[in-house]
Amino acid sequence: MAETKEAISSLAADKAIVKQYLDSAELPPELDNADQQYYIVSIKDLLLEKNAALVAHYYTDAILQDLAESTGGLVGDSLEMARFGRDCEADTLMVAGVRFMGESAKILSPEKTVLMPTLDATCSLDIACPIEQFSSFCDAHPDRTIVVYANTSAVVKARSDWVVTSSIALEVVEHLNAQGEKIIWAPDRHLGAYIQKQTGADILLWDAACIVHEEFKARGLQAMRKVYPDAAILAHPEAPDSVLEMADVIGSTTQIINAAKTLDNVSFIVATDQGIFHKMQQVAPDKEFIIAPTAGEDATCRSCAHCPWMAMNALKNTYQSLLYGSNEIRIDTTLREKAMLPLQRMLHFVAENKLKVKGKA
Ligand code: 13P
Ligand code: SF4
């Protein structure tokens, strides 16, 4: 049973800060077919020339996902991106995603050059977990094990005992709970509450949310379920509890894709970023995917159910970054070494427990 819930940051204040980031985020212009082809061919050449691998998240543009796979790179969830980056033999990693993904790659592979299409692609969870407040929060509870979501800055990771992604968070907290450890969880309060509910662990929650997943609404979902009574509901655990309660499968992006493939249902209502539909349609071409409804007066999504920062990754900025070596991720060595420990702890846990994270739904 959970002891207490503490909210350290004000969600309203977070939303105002997040809005500032959103207002300054520049979305890439649409390209015509000829330009697209030019950049695709040029990126392929540059990847070869620089012995570079393109590592993309499922929420990025379908063209980048296809390019990653067709050039021997990877499209995956946060955990797979981190593992692939660490294990592949490229000299350069081009990480198409949001900043914490590039930072995790650099933390785990200091010898590699890590580039990103843009360094402005952030995450509302990262923004809402500033190190000063987070560190004071941890200092106030020295008896607790600090578990942070991968969607955090390197400096927050360095302050933690464990880093986890959505695909492994539940197992890690189950393991810690079985050892009687009390936990601080940050930053995503929905994922934290979900883990708390599933494990019964004693968890203090940080109060931040993903601006994309937070917008999924249970009321709209109930109405949609009546229209598609045979559809399975698949949800990312960053969605609110009222949405998760209605879900048939709750999991990371890879786990959601896997469920689309393995469940017998022919239609699915999906509560996560719609960039994932590209891969879902590839793995289950005969099935139907419907985006879960988003609504709400104070909706902060620029485009509903699509991460505005993931959307900043495009062909042109990928090409420019590879060509000029721009947008390189650099992390101070002392910080990197500290941040590496909790990340490695997660990767060792996955390996030691032989968890088939990739195939798990
Ligand atoms: P996954 O690790 O499930 O891909 O999630 C990353 C993320 O940012 C979801 O919003
Ligand atoms: Fe962050 Fe949400 Fe975007 Fe994922 S979808 S990167 S959690 S803002």
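This one's a predicted model, so the numbers in the text were calculated from it and none came from an experiment.

Peer 1: Can you help me understand the sheet that holds strand 10 (residues 249–250) in this one?
Peer 2: As summarised here, the arrangement of the four strands in space is 10-9-11-12, forming an open sheet in which the pairing is parallel. One side of each edge strand has no neighbouring strand; the edge strands of this open sheet are strand 10 and strand 12 (288–291). Summarising the sheet, strand 9 (residues 232–235) and strand 10 pair through two bridges and their orientation is parallel. By the bridge assignment for strand 10, Ala 235 is matched with Ile 250. Sitting on the sheet, helix 11 (residues 218–227) is in contact with strand 9, strand 11 (267–271) and strand 12, with an inclination near 175 degrees to strand 11. Along the sheet, helix 13 (residues 253–262) makes contact with strand 9, strand 10, strand 11 and strand 12, crossing strand 9 at roughly 165 degrees.

Peer 1: I would appreciate a short explanation of the sheet that holds strand 4 (residues 113–115) in the present structure.
Peer 2: Pairing within the open sheet is parallel, and its four strands lie in the order 2-1-3-4. Each edge of the sheet is formed by a strand with only one pairing partner; in this case those strands are strand 2 (74–76) and strand 4. Taken over all neighbouring pairs, the strand axes of this sheet differ in orientation by 20 degrees on average, direction set aside. Judged from the three bridges that link them, strand 1 (residues 52–57) and strand 2 form a sheet pairing that is parallel.

Peer 1: Which parts of the structure should I look at to understand the packing of helix 4 (residues 78–87) against helix 16 (residues 333–352)?
Peer 2: Two numbers describe a pair of packed helices, the interaxial angle and the distance between the axes. Following both chains from N to C, one finds helix 4 and helix 16 inclined at 95 degrees, their axes separated by 12 Å at the closest point. Judged by the angle between their axes, helix 4 and helix 16 are roughly perpendicular. Along the contact surface, helix 4 presents Leu 79, Arg 83 and Arg 86, while helix 16 presents Met 346, Leu 347 and Val 350. A breakdown of the residues in the contact of helix 4 with helix 16 according to their chemical character gives four nonpolar, no polar and two charged.

Peer 1: Hey, could you run me through the side chain of Thr 254 in this one?
Peer 2: For Thr 254, the position within the fold is in helix 13. Only 2.9 Å separates the side chain of Thr 254 from the side chain of Glu 80, close enough to count as a polar contact.

Rules behind the numbers
- Residues numbered from 1 in each chain as written.
- Chains lettered and ligands numbered in written order.
- Predicted model: local features only at pLDDT ≥ 70, side-chain atom pairs only at ≥ 80, totals over all residues.
- Heavy atoms only, no water.
- Pairing = 2+ DSSP bridges.
- Helix = DSSP H or I, 4+ residues; strand = E, 2+ residues; numbered from the N terminus.
- Contact = heavy atoms within 4.5 Å.
- Axes fitted to C-alpha atoms, helices over the stretch in contact; angles between N-to-C directions.
- Parallel < 35°, antiparallel > 145°, perpendicular 65-115°, else oblique.
- Nonpolar A, V, L, I, M, F, W, Y, C, P; charged D, E, K, R; others polar.
- Polar contact = N/O pair within 3.5 Å; in protein donor to acceptor, adjacent residues only side chain to side chain.

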